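# Structural overview for review
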Amino acid sequence: MTQAPATPRVTRRRHDREIVALAVPAFGALVAEPLFVMADSAIVGHLGTAQLAGLGVASALLTTAVSVFVFLAYATTAAVARRVGAGDLPAAIRQGMDGIWLAVLLGAAVIAAVLPLAPAIVDLFGASSTAAPHATTYLRISALGIPAMLVVLAATGVLRGLQDTRTPLYVAVAGFVANAALNAGLVYGADLGIAGSAWGTVIAQCGMAAVYLAVVVRGARRHGASLRPDAAGIRASAQAGVPLLVRTLSLRAILMIATAVAARLGDAEIAAHQIILSLWSLLAFALDAIAIAGQAIIGRYLGGGDTEGARAACRRMVEWGIAVGVVLGALVVLTRPLFLPLFTSDSPVKDAALPALLIVALSQPISGIVFVLDGVLMGAGDGPYLAWAMVLTLAVFAPVALLVPTLGGGLTALWAAMTLMMAVRMLTLWLRARSGRWLVTGATR
């Protein structure tokens, strides 16, 4: 007796369950990450203004350095998910180990560069004479934890590819708690000052990496996967990551251009821009959680040769992205009067931020589509197209944004340019998704 095909409603419900099961824990883990910096800031802030300023410079440098290597998570998720879809768990874990070994090598290279160059890097970013020594101290010590941070990224990608986003959530929450406790104990209990905060973060990151490695190693032994470094596998992981690195660098360039333009508009505008950017980043976490689910689900479907399942999942996730975007946009509009006073009581800053916040609210459905399709194409291993699309987006955005100080419009015009940037991304990603060229099946792309 043949089984009746699933109805569209049953299929949607199945996709909904998959998306929620992966996206909700992923969102929790994403939110936990910036809490590390917030905890450090709250503790170090009581040491003095110079220490807090030094932490601000060093943490910005570290966050940028680590975000550049986020491809370790994205590329690993897609590659492992394909192997899972093909039913080859040993190869999936072996693929993940290649990503972890690449993280170790990259982390060692970053340490070798940062330790001797830390004072010059801090000076390059304009730290004051009083803040620079604290920034250098924090940067040098925290750099020792970068290999662990990168291992966490790669291992997170392994577990996401294995359709497990709960373990990363538990590890992230435990890491945040440990980081806060270690910082308080070392900064005040051991009287180590800002160095204690750096050591606390290093220890917490190493602990998180150790937990991840224990989970991955246990899985490798259970399925008979080798743990030894494989030069060909590591090289393949690096090659898969290069297009995503180009994509990430292009996105960072867009954000840096936007901040530079806001700074040229005036003090009130740059202050308002930073407030809006922090909200925009928070909203991005909710949308990125759906994208992470997309990476894992699409990779699994394509690895199993199910192109129709991949198409259906893509359509359903786009619907989720639009719906979540509408909800987030409405929340931004409704909470504007409550949100701004949390950050400033300065009327010029509020006046600059209010119309720009409306633009951010209206653009959230566009952002929902962008994040979802970005995740879908990452899950399909379509990195070269993502790199090309982001470079094109940068080429469109840069001249428009740089003309804002000349043509006028202030911060509202700048965030209109940011919305144009997201619209260009949406168009390039939608064209690719519609073409079907990303639907490449098999255990490897």
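Let me begin by describing the structure that accompanies this report.

## Regarding the overall build of the protein
Check the secondary structure of the protein and you find 16 helices and 0 strands. Rg of the C-alpha trace for the protein: 22 Å, near the compact-globule value of 22 Å for 445 residues, within the 12% margin. Dimensions of the protein, computed from the C-alpha atoms along their principal axes, are close to 75 × 50 × 35 Å. For the protein, buried positions account for 52% of its 445 residues. Partitioning the intrachain contacts of the protein with sequence separation of at least 6 by distance along the chain shows that 83% fall at a separation of at least 24. Accessible surface, the protein: about 19,000 Å² in total, of which carbon and sulfur atoms supply 68%. Considering the protein, the positive charge centre built from 30 side chains and the negative charge centre built from 20 side chains are found 10 Å apart.

## Here we look at the packing of aromatic side chains
Inspection of every chain in the model, using the stated rule, returns 3 aromatic pairs. With a centroid separation of 5.9 Å and an interplanar angle of 70°, the aromatic rings of Trp280 and Trp415 are classed as edge-to-face. With Trp280 in helix α10 (residues 267–303) and Trp415 in helix α16 (residues 410–435), the pair connects residues that are 135 residues apart, well separated along the chain. Considered together, Trp280 and Trp415 belong to a single accessibility category, that of buried residues. Arg300 extends its terminal NZ or CZ atom over the ring of Tyr301, reaching a point 5.1 Å from the ring centre.

## Quick look at unusual backbone geometry
In the Ramachandran plot, Gln163 falls in the positive-phi region, its phi being about 70° despite a non-glycine side chain. Looking at Gln163, the relative accessible area reads 22%, which means it is partly exposed. Of note, Asp191 is a non-glycine position whose phi angle comes to about 55°, a positive value. If you trace the backbone, Asp191 turns up in the loop between α7 (166–189) and α8 (194–223).

## A word on the nonpolar core
One finds Trp415 and Trp438 to be the most contacted residues of the largest nonpolar core, which totals 136 residues. Element by element, the count of residues in this core is highest for α10, at 22 residues. Ignoring sequence-local partners within four residues, the contact set of Trp438 consists of Ile298, Leu302, Ala310, Arg311, Cys314, Val376, Leu377, Ala380, Asp382, Arg432, Ala433 and Arg445.

## With respect to the environment of Thr307
On the secondary structure map, Thr307 appears in helix α11 (residues 307–339). When the C-alpha atoms of Thr307 and Met208 are compared, they prove to be 36 Å apart, with 99 residues separating the residues in sequence. For Thr307, the residues in contact, after removing those within four places along its chain, are Leu439 and Thr441.

## Here's the deal with a positive patch on the surface
Positive charge collects at one region of the surface, where Arg9, Arg12, Arg13, Arg14 and Arg17 lie side by side. Of note, Arg14 is situated in helix α1 (residues 8–44).

## What to know about the side chain of Thr76
Position of Thr76 among the secondary structure elements: in helix α3 (residues 71–85). In this structure Thr76 comes out as buried when scored by relative accessible area, which is 7%. Discounting residues that sit within four places of it in the chain, Thr76 has contacts with Phe71, Gly96, Gly99, Ala154, Gly157 and Val158.

## Section: the packing of helix α9 (residues 231–265) against helix α14 (residues 383–402)
One can describe the packing of α9 onto α14 by two numbers: an axis separation of 8 Å at closest approach and a directional angle of 15°. Relative to α14, α9 is oriented roughly parallel. The handedness of the crossing between α9 and α14 comes out as left-handed. The residues of α14 that touch α9, namely those facing Pro243, Leu244, Val246, Arg247, Ser250, Leu251, Ala253, Ile254, Ile257, Ala258 and Val261, are Gly383, Pro384, Leu386, Ala387, Met390, Val391, Thr393, Leu394, Phe397, Ala398, Ala401 and Leu402. Within the contact of α9 with α14, the residues separate by chemical class into 19 nonpolar, 3 polar and 1 charged.

## Quick look at the packing of helix α13 (residues 364–379) against α16
Running from N to C, α13 and α16 point in directions that differ by 45°, and their axes come no closer than 9 Å. In terms of their interaxial angle, α13 and α16 are classed as oblique. Handedness of the crossing formed by α13 with α16: left-handed. Residue-level inspection shows Ile366, Ser367, Ile369, Val370, Phe371, Leu373, Asp374 and Leu377 of α13 in contact with α16, the latter providing Thr419, Met422, Ala423, Arg425, Met426, Leu429, Trp430, Arg432 and Ala433. Looking at the contact of α13 with α16 residue by residue, the classes come out as 12 nonpolar, 2 polar and 3 charged.

## Notes on helix α4 (residues 89–124)
Residue Leu117 marks the point of greatest curvature in α4, where the axis turns by about 75°; the proline Pro119 follows within four residues. Just downstream of α4 lies Gly126, where phi reads positive at about 75°.

## Examining the pattern of salt bridges
Overall, the coordinates contain 8 salt bridges when judged by the stated rule. Glu319 is the salt-bridge partner of Arg316, the closest N and O atoms lying 2.5 Å from each other. With Arg316 and Glu319 both in helix α11 and 3 residues apart, this pair spans about one turn of that helix. Between Arg425 and Asp374 there is a salt bridge, and its shortest N-O distance comes to 3.7 Å. One end of the pair, Arg425, is in helix α16; the other, Asp374, is in helix α13, and 51 residues separate them in sequence.

What counts, and where the lines are drawn
Residues numbered from 1 in each chain as written. Predicted model: local features only at pLDDT ≥ 70, side-chain atom pairs only at ≥ 80, totals over all residues. Heavy atoms only, no water. Helix = DSSP H or I, 4+ residues; strand = E, 2+ residues; numbered from the N terminus. Rg over C-alpha atoms; globule rule 2.2 N^0.38 Å. Buried < 20%, exposed > 50% of the residue type's maximum accessible area, 1.4 Å probe, protein only. Contact = heavy atoms within 4.5 Å. Areas by Shrake-Rupley, 256 points an atom, 1.4 Å probe, with all protein chains shown as cover. Lys, Arg positive; Asp, Glu negative; His and termini not counted. Charge placed at Lys NZ, Arg CZ, Asp CG, Glu CD. Phe/Tyr/Trp six-rings, centres within 6.5 Å; stacked < 30°, edge-to-face > 60°. Lys NZ or Arg CZ within 6 Å of the ring centre and 35° of its normal. Core = buried A, V, L, I, M, F, W, Y, C linked by side-chain atoms within 4.5 Å. Patch = residues over 30% accessible without salt bridge, like charges linked within 9 Å, V, L, I, M, F, W, Y side chains within 5 Å. Salt bridge = Lys/Arg side-chain N within 4 Å of Asp/Glu carboxyl O. Axes fitted to C-alpha atoms, helices over the stretch in contact; angles between N-to-C directions. Parallel < 35°, antiparallel > 145°, perpendicular 65-115°, else oblique. Left-handed = near helix turned anticlockwise from the far one by under 90°. Nonpolar A, V, L, I, M, F, W, Y, C, P; charged D, E, K, R; others polar. Bend = angle between axes of the 7 residues up to and from the residue.

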